[in-house]
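Working through the structure, step by step
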Amino acid sequence: EGLLTELPQLRQLKIHGPWRCRTLAAVELAVNSILAVARRLETLDFSYRGFGGAFAWPTLPDLQHLRVRHCPLAFSDLVAVFASKGLKTLVLEDCALMGSSGVVRCGAEVLPSDVSLLKCGEPMAVTMLLSLGLGRLVFLKLDELTDRELKANLRKASQLSPGGSDALAELQAQAEAELRAELRRAGRAGSRATAAERRDAAGGPWKHLKRWLEAADRLCSSGLVEYRQQRSIDVASETGSSEFLPEK
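This one's a predicted model, so the numbers in the text were calculated from it and none came from an experiment.

Conventions we followed
Residues numbered from 1 in each chain as written. Predicted model: local features only at pLDDT ≥ 70, side-chain atom pairs only at ≥ 80, totals over all residues. Heavy atoms only, no water. Salt bridge = Lys/Arg side-chain N within 4 Å of Asp/Glu carboxyl O. Buried < 20%, exposed > 50% of the residue type's maximum accessible area, 1.4 Å probe, protein only. Axes fitted to C-alpha atoms, helices over the stretch in contact; angles between N-to-C directions. Helix = DSSP H or I, 4+ residues; strand = E, 2+ residues; numbered from the N terminus. Parallel < 35°, antiparallel > 145°, perpendicular 65-115°, else oblique. Left-handed = near helix turned anticlockwise from the far one by under 90°. Contact = heavy atoms within 4.5 Å. Nonpolar A, V, L, I, M, F, W, Y, C, P; charged D, E, K, R; others polar.

The full count for this structure, using the stated rule, is six salt bridges. In this structure, the salt-bridge partner of R228 is E226, at a minimum N-O distance of 3.8 Å. Here R228 falls in the partly exposed class, since its relative accessible area comes to 35%. Exposure remark for E226: the relative accessible area of 12% places this residue in the buried category. What emerges from the salt-bridge pattern is a single network uniting K141, E226 and R228.

And the structure:
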């Protein structure tokens, strides 16, 4: 930790914990090492196989490439992950969500171009894909089980579309109408709507995700499912490169 503070040019950091480490103290040492360079870190590869405790994920404002493996994350940790507004690459492997799925609204401000969610479970995948902004996403990788569960959730969400007889669908339609009215009032008052508010007014995160998946090319291979989006916008210069990117 002390040595890291003496390396002002350090931009990339890889931390792999011991195979059978289950002590919170060891994890805190790793997190403190990250915090020592948090203000300038651009690439982080963090792995703690066998980790059995909980900790607060650090805020890394300049991070562009993040890979986390074998480390459960709480819903509150995702708020800190999404503090990296310039995140371009996000890779989570064997990182279960501790708690039920949901939408982290500040995640809509984060627009990665490359996302891999492998063996993290359906709650983590759903939470990530509903929270993140999809405007620059060109590559998505999932394991087959997560892909199947995600599609099942999309079908359920489609059944709750406005116009149906379901009471929940009516409440959803009412909430969307109220939100659009609120955004119009905010616009007249000179306020700026957040990315999450604009997304909600345009149909909500489920519709955005469904449209993205339907427009992408889908490839299955060796237990993995890859989605590639052909975009007219130029994102090649934003994708960047990193030594920990998965093989595609």
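With that settled, consider the packing of helix α4 (residues 122-131) against helix α5 (residues 144-158). For the pair α4 and α5, interaxial distance at closest approach is 9 Å and the crossing angle is 60 degrees. Accordingly, the angle class assigned to the pair α4 and α5 is oblique. Two packed elements cross with a definite hand, and for α4 against α5 that hand is right-handed. Residues E122, A125, V126 and L129 of α4 lie in contact with α5, whose contacting residues are T146, E149, L150 and N153. Across the contact of α4 with α5, the residue classes tally to four nonpolar, two polar and two charged.

The geometry of α5 relative to helix α8 (residues 205-215) is characterised by a closest axis approach of 10 Å and an angle of 125 degrees between their N-to-C directions. By the angle between their axes, α5 is oblique relative to α8. Here α5 and α8 pass one another in a crossing that is left-handed. Where α5 abuts α8, its residues L150, N153, L154, A157 and S158 lie against W206, L209, K210 and L213. Here the residues of the contact of α5 with α8 are counted per class, giving six nonpolar, two polar and one charged.

With respect to the element layout, K14 can be found in strand β1 (residues 12-16). Separated by 29 residues in sequence, K14 and T43 have C-alpha atoms that sit 8.3 Å apart.

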